[in-house]
Amino acid sequence: MTHTHTLSNGLRIIHRSFPSDISYCGIAVNSGTRDEFPAEQGMAHFVEHMLFKGTEKRRAHHVVDRMENIGGELNAYTSKEETFVYAAFPEEYLSRTMELLNDIVFHSRFSDRQIEREREVIIDEILSYEDSPSEQIYDDFENLVFDGHDLGHYILGDPETLQSFNSGNMKRFVERQYRPDNMVFFSFGKTSFSKVVRMAEKYFSSASNPSNKALPLKQRISPAILVPEKTEMQKDTSQSHVVMGWRTFNMYHPDKYVLYMINHILGGGSLNSRLNVSLREKHGLVYHVESNLTLYSDTGLFTIYFASDPKFRERCLRLINKEIEKIMQTELTPTQLMRTKRQWKGQMGIAAENHENNTLGMGKAFLHFNRYTPLNEVYSRIDGITQQEIKKVANEIFSTSPFQLSYV
């Protein structure tokens, strides 16, 4: 069961009661790469790193030791639209964890000395990322689809821009984006909700009220619709890596569950997905093929990725197009639809047993939707999907030419 509350400064709280000796909690910030100005590209991710590098009362190693000494784990990540800072810990240390989160999120020092050290760490991260074409191609693809828009920027930034970051501009970014009314505190564990609220009042109510902030949030502008194109990039790789994709609707669209089902059918992680059966099992052309659905607050992307011997690339593309045409033209039989729903719900149920991922999903849902959708409600929505809806949405998405990026 989940409970919610809002502090006087606008910070929203969501807590799920669960009888576990291990608890999870964190702060979700509605701020990511798309909330950077041009001179700030890479700032959101850099700030995430710096939250662990010292506060007004703790040095960097004290921040880490505060959780490690009790067997807990402190972590964070940055995406195009969010930044998460969170922890897993024995339940009796909830107060200790919430105090630490308050300290690093609202009282980090961002010293120039630590920034200089961390700059080299992030540049190394960029270089190592460039050595993984199966990951880098997704960023290059989004830069193609959202050319000239904030959603196309690389989360890590680029080394040249990172060189301009200092304590002053980093603090201004935090002042602008890290506002209580732009955040959610999320919690999972057996601590009572009333106690969670009391602790939140103690540790977070003193955070600055947004009305006292001089800098308004950066306004998000929806990306323009671009003409699909096919692009090849020369890379020193033995395989040809390919991503093809289509713009879709956003995370608030009523047909999003239908689109998620289409993703599941085509290549969403199951060994018996249509793309895996065709390209790998039947024809032996690839080791890995997948489809992915990424929904943002005002747009989305449906992508298909594979890597193959260069001489098989065009054949793979023909087989992919064949499967897309099939889902556009032919309705699933009642047996196929029932089997798909059963498999998808089973996978979701298994994934929900990962309490950390489940907690992060709860925090993200509350951040964007101001509510958390319980699993039984999701199951009900899945059960209501029809063959006709799948065919209709598939035609809406795939009737236009895709963007396509190939590493050759």
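Quick summary incoming for the structure in this document.

This paragraph deals with the sheet that holds strand β7 (residues 230–233). One open sheet holds the 5 strands; their spatial order is β7-β11-β8-β10-β9, and the pairing between them is mixed. Edge strands, defined here as strands with exactly one partner in the open sheet, are β7 and β9 (286–295). Between one strand axis and the next, the sheet turns by 15° as a mean value, whatever way the strands run. Note: strand β8 (residues 240–248) against strand β10 (residues 300–308), 9 bridges, orientation antiparallel. The residue of β10 that forms the bridge with valine 242 is phenylalanine 306. Contacting β7, β8, β9, β10 and β11 (403–407), helix α5 (residues 133–145) runs over the sheet at an angle of about 145° to β11.

Sheet architecture is open: 6 strands sit in the order β1-β2-β6-β3-β5-β4, paired in mixed fashion. Edge positions in the sheet fall to β1 (2–6) and β4 (73–78), since each of these pairs with one other strand and no more. For this sheet, the mean angle separating the axes of adjacent strands, direction not counted, is 15°. As defined by bridge partners, strand β3 (residues 22–29) adjoins strand β6 (residues 183–189) across 6 bridges and the pair is classed as antiparallel. When the sheet's bridge partners are listed, alanine 28 is paired in β6 with valine 184.

Let us now look at the packing of helix α2 (residues 60–68) against helix α3 (residues 94–106). How two helices sit against one another is set out by the angle between their axes and by the gap between those axes. For the pair α2 and α3, the least separation of the axes is 10 Å and the interaxial angle reads 160°. The angle between α2 and α3 falls in the class roughly antiparallel. Crossing hand, α2 versus α3: left-handed. Judged by residue contacts, Val63, Arg66 and Met67 of α2 engage Arg96, Thr97, Glu99, Leu100 and Ile104 from α3. Residue composition of the contact of α2 with α3, by class: 4 nonpolar, 1 polar and 3 charged.

Tallying each qualifying case throughout the model produces 23 salt bridges. Note that arginine 58 and glutamate 99 form a salt bridge whose closest N and O atoms lie 2.8 Å from each other. Here the residue arginine 58 occupies a position in the loop between α1 (43–50) and α2, and glutamate 99 occupies one in helix α3, the gap between them amounting to 41 residues. On the basis of relative accessibility, which here comes to 12%, the residue arginine 58 falls in the buried class. Where arginine 220 meets glutamate 81, a salt bridge forms, and the shortest distance between an N and an O atom there is 3.7 Å. Separated by 139 residues along the polypeptide, arginine 220 in the loop between α8 (193–204) and β7 and glutamate 81 in the loop between β4 and β5 (83–90) bring together distant segments of the chain. By relative accessible area, arginine 220 is classed as partly exposed at 25%. Here the residues in one salt-bridge network are Arg34, Asp35, Glu81, Arg220 and Asp298, joined through shared partners.

Our focus in this paragraph is unusual backbone geometry. What you tend to see is this: most non-glycine residues have negative phi, and most peptide bonds are trans. With a phi angle near 55°, phenylalanine 110 is a residue other than glycine that sits in the positive phi range. Here phenylalanine 110 is to be found in the loop between α3 and α4 (112–130). On the basis of relative accessible area, phenylalanine 110 is assigned to the buried category, the value being 5%.

Let's shift gears to a positive patch on the surface. Positive charge collects at one region of the surface, where Arg59, Arg109, Arg113, Arg117 and Lys171 lie side by side. With respect to the secondary-structure elements, lysine 171 resides in helix α7 (residues 167–177).

Our focus in this paragraph is the packing of aromatic side chains. Each aromatic ring pair is described using two quantities: the centre-to-centre distance and the angle formed by the ring planes. Summed over the entire model, instances satisfying the criterion amount to 13 aromatic pairs. The interplanar angle of 10° and the centroid separation of 5.0 Å between the aromatic rings of tyrosine 77 and phenylalanine 84 together place this pair among those described as stacked. Owing to a relative accessible area of 27%, tyrosine 77 belongs among the partly exposed residues under this scheme. On the basis of an interplanar angle of 75° and a centroid distance of 4.8 Å, the ring pair of tryptophan 246 and phenylalanine 398 is categorised as edge-to-face. Taken together, the positions of tryptophan 246 in strand β8 and phenylalanine 398 in helix α15 (residues 387–398) put the pair 152 residues apart, joining distant regions of the chain. Note on tryptophan 246: relative accessible area 3%, which makes it buried. A network of ring pairs unites the aromatic residues Phe18, Tyr24 and Phe188 as a single cluster.

About the cut-offs
Residues numbered from 1 in each chain as written. Predicted model: local features only at pLDDT ≥ 70, side-chain atom pairs only at ≥ 80, totals over all residues. Heavy atoms only, no water. Pairing = 2+ DSSP bridges. Helix = DSSP H or I, 4+ residues; strand = E, 2+ residues; numbered from the N terminus. Axes fitted to C-alpha atoms, helices over the stretch in contact; angles between N-to-C directions. Contact = heavy atoms within 4.5 Å. Parallel < 35°, antiparallel > 145°, perpendicular 65-115°, else oblique. Left-handed = near helix turned anticlockwise from the far one by under 90°. Nonpolar A, V, L, I, M, F, W, Y, C, P; charged D, E, K, R; others polar. Salt bridge = Lys/Arg side-chain N within 4 Å of Asp/Glu carboxyl O. Buried < 20%, exposed > 50% of the residue type's maximum accessible area, 1.4 Å probe, protein only. Patch = residues over 30% accessible without salt bridge, like charges linked within 9 Å, V, L, I, M, F, W, Y side chains within 5 Å. Areas by Shrake-Rupley, 256 points an atom, 1.4 Å probe, with all protein chains shown as cover. Lys, Arg positive; Asp, Glu negative; His and termini not counted. Charge placed at Lys NZ, Arg CZ, Asp CG, Glu CD. Phe/Tyr/Trp six-rings, centres within 6.5 Å; stacked < 30°, edge-to-face > 60°.

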